[in-house]
Amino acid sequence: MHRVTDCKASSDYRLWLKFDDGLEGSVFLGDLLEVGAFSSWRDVDQFCRVVVDRKAATVVWKGGIRLDPDILYQDLLSSKAAKEFNSQGFSPAVE
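Before going into details, it helps to say that this report is about the structure given with it. Position labels on residues start from 1 in each chain and follow its written sequence. Per-residue local features of the predicted model are confined to residues with pLDDT of at least 70, and side-chain atom pairs are confined, for both listing and counting, to 80 or more; whole-chain, interface and lining totals are unaffected and use all residues. Hydrogens and water molecules were not included; the side-chain quantities draw on all heavy atoms of the structure.

**Focus: the overall build of the protein chain**
Consideration 1: When helices and strands are tallied, the protein chain shows two helices and six strands.
Consideration 2: The linear arrangement of helices and strands in the protein chain, starting from the amino end, is β-β-β-α-β-β-β-α.
Consideration 3: Each residue is assigned to one of three classes by its accessible area relative to the maximum for its type, calculated with a 1.4 Å probe on protein chains only: buried under 20%, partly exposed between the two thresholds, exposed over 50%. Considering the protein chain as a whole, with its 95 residues, one finds that 31% of them fall into the buried category.
Consideration 4: Accessibility throughout is a Shrake-Rupley quantity obtained with a 1.4 Å probe, and a residue counts as covered only by protein chains that appear here. Counting every atom, the protein chain has about 6,200 Å² of accessible surface; 52% of that belongs to carbon and sulfur. Here a helix means four or more residues in a row that DSSP labels H or I, a strand means two or more in a row labelled E, and each is numbered from the N terminus.

In structure tokens:
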């Protein structure tokens, strides 16, 4: 299990995360706004009130919202891999 050690939310619905193995970066969570449990995030101040639950080692919000740290870790790895791929000058084929 991956453990979130630090986080910071921004008003563009990005969540910067740091994990116990040193991996860090941002994930976009704005896509979740239309899902019922996350509708409180439409008030961006609510979204920005994220904290790390040290016992659960993940991010939590008031109202009981918590995200799986392993899924966040995989999302972050995927976005980093895509950025590294594109920074090497490769781009997806366009037909």
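Next, the rest of the story.
**Re the sheet that holds strand 4 (residues 51-53)**
Two strands in a sheet stick together by hydrogen bonds in their backbones, pointing the same way (parallel) or opposite ways (antiparallel).
Consideration 1: Here three strands make up an open sheet; going across it, the order is 4-5-6 and the pairing antiparallel. The sheet terminates laterally at strand 4 and strand 6 (65-66), the two strands that pair on one side only.
Consideration 2: Criterion used throughout: strands pair if DSSP finds at least two bridges between them. Pairing between strand 4 and strand 5 (residues 58-61): three bridges, direction antiparallel. Paired with Val51 across the strands is Val60, a residue of strand 5.

**A short note on the sheet that holds strand 1 (residues 4-9)**
Consideration 1: Across the sheet, which stays open at both edges, the three strands sit in the order 1-2-3 with antiparallel pairing between neighbours. Either end of the sheet is taken by a strand with one partner, and the two such strands are strand 1 and strand 3 (24-28). The mean angle between the axes of side-by-side strands here comes to 25°, regardless of whether they run parallel or antiparallel.
Consideration 2: Sheet topology note: the strand 2 (residues 14-19)/strand 3 ladder contains five bridges and is antiparallel. Looking at strand 3, one finds that Arg14 is bridged to Phe28. Angles shown run from 0 to 180 degrees and are taken between the N-to-C directions of axes, each axis being a line fitted to C-alpha atoms and, for helices, limited to the stretch in contact.

**Re the pattern of salt bridges**
Consideration 1: Salt bridges are identified by distance alone: a Lys or Arg side-chain nitrogen within 4 Å of an Asp or Glu carboxyl oxygen. Scanning all chains against the criterion turns up two salt bridges.
Consideration 2: Residue Glu34 is joined to Arg42 by a salt bridge in which the shortest nitrogen-to-oxygen separation is 3.4 Å.
Consideration 3: Overall, Glu34 belongs to the exposed group, its relative accessible area being 63%.
Consideration 4: For Arg42, a relative accessible area of 48% puts it in the partly exposed group.

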